[in-house]
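Residues per chain, in single letters:
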Amino acid sequence: MAARVRYSLQYVQSLYDSGEDPSMLENLVRAWRGIKALPHYHPNSFFNIASFHGEPFRGPGVTDAAWWGGYCNHGNVLFPTWHRAYLMRLENALRSIAGCENVTMPFWDETAPYEPLKPVPQILTSPFFQLDNCSTNPLYSYTLQEELVENVAGANNRYTKPVGYQTVRYPLSGLVGTEQDRSDTSVHNASYPYFEKNIEILNKNVDAWLTGTVEITPDPDPNTHYPDTYSVTNRFKLCLEAPNYTVFSNTTSQNQWIQDSGSNDPHYVVALESPHNAIHLSLGGFYQKGVYNADPILGANGDMGDNETASFDPIFYFHHCFIDYTFWKWQQFHHKTTPGSLDVIDGYAGTIIPEGEAIPFLAPGTKLDMDTALYPFRKPDQTYYTSNDLVDIVGQLGYEYGLGSLDTPVFAPGGSLDEIRGKVETFKLVKNINRADYPGSFVIRTFAEDYKGNKIEIGHEPVLSRRNVAGCANCQNKLDVESIIPIYKGMEAALRGPKTNMPIKYSVEIHTHDNFSENLTNVPHLGAPVIVDL
């Protein structure tokens, strides 16, 4: 039997818009309407499947912040394979709807060319889709059929959401768990009453993340070129060159790999999880101008911006289908498509569950490899899938991908990773940042000051996190995150300009949903973030 094909969403929409084949998009809409209409307790209901990722929590994580109450894996080597299993479960539910047996999940091709300032496909942003005497678009949002209750210590019920709550995206806020949150959200959202304008704001935000890069102007040397390792589009392209599965799979292993090499042998790599995180935050609540001088809409708390609720927004699955497509492209380019070919570096950072990040059935200290069970996903024989069951998407899982923008290795302007490494002079390590000090997801923003006193952003690391982690009293010293910024040859000279002996002043800001670091009321328990040479 031929493998079913997951096409790009842009291609599927073009077939609909041109009239060449409207059925592919129409059946996708029917399937999504079908699973969202099922009772919340039905195994194939959207509510049930969305609940696997984060809320509603289960196991010790219901109340204990030392455990993550969702099943999703982040920051470890199971990140790509767990989400591959998750997408397959969602796709099988879609195919269970009568008349939709041939539906496949399209991928939002996030690195494909797009109309100016319109990176998000229209089918994901319009509230309306006329089909079968119904005008609602099931891909626009989801209305909760069952209450989400958060009782985790330290979370203050901020991610509790009632029946009837409708998911939102940037620039809106979806925090409604407390009386204060409901009041603040009502005031905030009243400033954004027009959905057409909100779609425009969202698209501009995603475009800025995809295309933004470091600019140092005026540059005294017009021939100086700084490789683009910064924009999300090029980070997706560069992750295809990661040398092994371990560092490709997650940001924890990525950072360790760079630090192990050090400045004497700059070995810059990008993990798939890094640009993945950025897209979550761009959709959920962080705005960055193209030149990366932040002009945030403070108070934006879209559901995609935090792990607790991201999976209840339908756009999550189209984003993660692109993540899986990129994962498959990396496998093909590196000849890692056969079962058993994905190697994990034993004992490396990102291969052991740390304290504060325990998952149902995976306690702190658990070693992870390609035979670790991917809870809660079961095979037909009712045993749990492992990563080794999911390596060959064609032979083992029966699907493949249609053409996408990463089908041939098109490396970022400035060269491939080997060329970029030759241009790296040193690295700056930003440390003393603990996730417990900052509620929810945040961005680590690193600046350098030029000879005119301008602050220029040179590093921009998205951290996809959760609000309840602050309640883990025993985890406070085990939730550190870091950001590593390459400094290219000639960059510091460009910053100094005519002041050739001027010391470069570096600084860091932590940008949360609601504040910059200098405006936070609580002093971080590690003190202020610091920047050191790696």
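Basis of the calculations
What you see as residue numbers is a count from 1 along each chain, following the sequence as written. In view of the model being predicted, local features appear only for residues whose pLDDT reaches at least 70, and side-chain atom pairs are presented and counted only at 80 or more, with totals across whole chains, interfaces and linings using the full set of residues. Note that water and hydrogens are dropped before the side-chain values are worked out from all heavy atoms of the structure. Helix and strand definitions follow DSSP, with helices as H or I runs of at least four residues and strands as E runs of at least two, each counted in order from the N terminus. Burial classes: relative accessible area under 20% of the type maximum marks a residue as buried, over 50% as exposed, and values in between as partly exposed (1.4 Å probe, protein chains only). Contact definition: two residues touch when any of their heavy atoms are within 4.5 Å. Definition used in this section: a nonpolar core is a set of buried Ala, Val, Leu, Ile, Met, Phe, Trp, Tyr and Cys residues joined via side-chain atoms within 4.5 Å. Side-chain rings of Phe, Tyr and Trp, where Trp is taken by its six-membered ring, are said to pair if the distance between their centres is within 6.5 Å; with planes under 30 degrees apart they count as stacked, over 60 as edge-to-face, and otherwise as tilted. We call a charge positioned above a ring when the Lys NZ or Arg CZ atom is no farther than 6 Å from the ring centre and deviates by at most 35 degrees from the ring normal. In short, DSSP must find at least two bridges between two strands for them to pair. The score called pLDDT rates the predictor's confidence residue by residue, from a low of 0 to a high of 100. In this description, a line fitted to the C-alpha atoms serves as the axis of each element, helices being fitted only across the stretch in contact, and the angle between N-to-C directions of two axes falls anywhere from 0 to 180 degrees. In the sections that follow, a salt bridge refers to a side-chain nitrogen of Lys or Arg positioned within 4 Å of a carboxyl oxygen of Asp or Glu. One less than the residue count of a helix, multiplied by 1.5 Å, gives the span that helix is expected to have. Polar contact is the term for a pair of N or O atoms within 3.5 Å; when the atoms are in protein, one must be able to donate a hydrogen and the other to accept it, and sequence-neighboring residues count only if both atoms are side-chain atoms. An arc is given here, and it is the one of the directions from the helix axis to the C-beta atoms.

Asks: Mind showing me how you'd approach the overall build of the protein here?
Replies: Helix and strand counts for the protein stand at 13 helices and 12 strands. Each of the 534 residues in the protein was classed as buried or not, and the buried ones make up 59%. Counted over contacts in the protein with a minimum sequence separation of 6, partners at least 24 positions apart contribute 72%.

Asks: Even after reading the chapter, I still don't get the nonpolar core, so can you show me in this structure?
Replies: It is characteristic of soluble globular proteins that their nonpolar side chains tend to be buried jointly. Among the nonpolar cores identified, the biggest contains 138 residues, and Trp32, Trp108, Leu124, Tyr317, Phe318 and Ile444 are the most heavily contacted of them. It is helix α11 (residues 315-333) that contributes the most residues to this core, 11 residues altogether.

Asks: Hey, could you run me through the packing of aromatic side chains in this one?
Replies: Two descriptors summarise a pair of aromatic rings, namely the distance from one centre to the other and the angle between the planes of the rings. Inspection of the entire model under this criterion finds 32 aromatic pairs. Ring centres of Tyr86 and Phe316 lie 6.0 Å apart, and the angle between their planes is 65°; on these two criteria the pair is classed as edge-to-face. With a gap of 230 residues between them, Tyr86 in helix α4 (residues 79-95) and Phe316 in helix α11 connect regions that are remote in the sequence. Exposure remark for Tyr86: the relative accessible area of 1% places this residue in the buried category. Of the aromatic side chains, those joined through ring pairs into one cluster are Trp32, Phe46, Phe47, Phe52, Trp82, Tyr86, Tyr142, Phe312, Phe316, Tyr317, Phe318 and Phe377. The positively charged end of Arg6 is found above the aromatic ring belonging to Tyr399, 3.7 Å away from the centroid.

Asks: What is the right way to read the pairing of strand β2 (residues 128-131) from this model?
Replies: The side chains of a regular strand alternate, first on one face of the sheet and then on the other. Only one face of β2 is covered, namely the one carrying Phe129 and Leu131; the face carrying Phe128 and Gln130 has none of its residues buried. Pairing geometry for β2 and strand β3 (residues 134-136), over two bridges, is antiparallel. Residue pairing in the sheet places Phe128 in a bridge with Thr136 of β3.

Asks: It is not clear to me how the confidence of the model for the protein should be interpreted in this structure. Could you clarify?
Replies: Detailed reading of the predicted model is not advised wherever pLDDT is low. Overall, the prediction assigns the protein a mean pLDDT of 86, with 85% of residues at 70 or greater. Segment residues 517-523: pLDDT under 50, and six contacts once partners within four positions in sequence are set aside and those in other chains are kept.

Asks: Help me understand unusual backbone geometry, please; the structure alone is not making it clear to me.
Replies: Across residues other than glycine, the phi torsion is negative in most instances, and most of the peptide bonds are trans. In this structure, the amide linkage connecting Glu55 to the following residue, Pro56, adopts the cis form with an omega of -5°. Checked against the element boundaries, Pro56 lands in the loop between α3 (46-50) and α4. Cis geometry marks the peptide bond from Tyr375 to Pro376; its omega dihedral reads 5°. Within the chain, Asp132 stands out as a residue other than glycine whose phi angle is a positive 55°. With respect to the secondary-structure elements, Asp132 resides in the loop between β2 and β3. Non-glycine residue Asn432 carries a positive phi angle of around 65°. We classify Asn432 as partly exposed; its relative accessible area is 27%.

Asks: Is there a simple way to explain the sheet that holds strand β7 (residues 424-434) in this structure?
Replies: Note: strands within a sheet are paired through backbone hydrogen bonds, in either parallel or antiparallel orientation. Overall, antiparallel pairing links the three strands, which are arranged β10-β7-β12 in an open sheet. Strands at the two margins of the open sheet, each flanked by one partner only, are β10 (480-488) and β12 (530-533). In this sheet, neighbouring strand axes are inclined to one another by 25° on average, regardless of whether the strands run parallel or antiparallel. Here β7 runs beside β12; their pairing, made up of four bridges, is antiparallel. Residue pairing across strands places Val430 opposite Ile531, the latter belonging to β12. Against the sheet, helix α9 (residues 251-261) touches β7 and β10, its axis set at about 50° to β10.

Asks: Looking at this model, I keep getting lost on the sheet that holds strand β8 (residues 442-449). Mind explaining?
Replies: With respect to topology, three strands assemble into an open sheet ordered β9-β8-β11, the strand pairing being antiparallel. The strands lining the two open edges of the sheet, one partner per strand, are β9 (455-463) and β11 (505-512). With strand direction ignored, the average angle separating the axes of adjacent strands in the sheet is 20°. Taken together, the eight bridges between β8 and β9 define a ladder with antiparallel strand orientation. Each bridged residue has a counterpart across the sheet, and for Phe442 the counterpart in β9 is Val463.

Asks: Honestly, the pattern of salt bridges in this entry has me stumped. Any pointers?
Replies: Two side chains of opposite charge can pair, provided their charged atoms sit close to one another. Applying the stated rule across the entire model yields 19 salt bridges. In this structure, Glu91 engages Arg6 in a salt bridge whose closest nitrogen and oxygen atoms are separated by 2.9 Å. Highlighted residues: Glu91 in helix α4 and Arg6 in strand β1 (residues 4-6), separated in sequence by 85 residues. The pair formed by Glu91 and Arg6 is uniform in burial state, with each residue classed as buried. One network of salt bridges, in which partners are shared, links Arg4, Arg6, Arg84, Glu91 and Asp324.

Asks: Even after reading the chapter, I still don't get helix α10 (residues 273-284), so can you show me in this structure?
Replies: For α10, which comprises 12 residues, the first-to-last C-alpha distance of 16 Å matches the rise-based estimate of 16 Å (1.5 Å per residue) to within 8%. By the criterion of burial, α10 is predominantly enclosed, with 12 of the 12 residues buried. Those residues of α10 not exposed but buried are Glu273, Ser274, Pro275, His276, Asn277, Ala278, Ile279, His280, Leu281, Ser282, Leu283 and Gly284.

Asks: Would you take a moment to explain the side chain of Asn73 for this structure?
Replies: Considering the arrangement of structural elements, one finds Asn73 in the loop between α3 and α4. Within the structure, the side chain of Asn73 is placed 3.2 Å from the side chain of Asn76, a separation counted as a polar contact. Beyond its immediate stretch of four places on either side in the chain, Asn73 contacts Leu78, Phe79, Trp82, His83, Ile359 and Leu362.

Asks: I'm lost on the environment of Asn92 in this one. Help?
Replies: Considering the arrangement of structural elements, one finds Asn92 in helix α4. Residue Asn92 is classed as partly exposed on the basis of its relative accessible area, which comes to 38%. Remark: the alpha-carbon pair of Asn92 and Asn44, spanning 48 residues in sequence, is separated by 8.4 Å.

Asks: Please clarify how helix α1 (residues 9-18) should be interpreted in this entry.
Replies: Regarding α1, the residues found buried are Leu9, Val12, Gln13 and Leu15. Viewed end-on, α1 has its buried residues packed into an arc of 155°, placing them on one side of the element. Along α1, the residues that are exposed and aim more than 90 degrees away from the buried face are Asp17 and Ser18. As for α1, its buried residues are in contact with α2 (23-37) and α11. Of the residues flanking the end of α1, it is Gly19, one or two places downstream, whose phi is positive at about 80°.

Asks: I'm lost on the environment of Ile345 in this one. Help?
Replies: On the secondary structure map, Ile345 appears in the loop between α11 and β4 (373-378). Since its relative accessible area comes to 30%, Ile345 is described here as partly exposed. In sequence terms Ile345 and Asn244 are 101 residues apart; their C-alpha atoms lie 9.0 Å from each other. Here Ile345 is in contact with Asn244, Thr246, Trp257 and Thr351, once residues within four sequence places are set aside.

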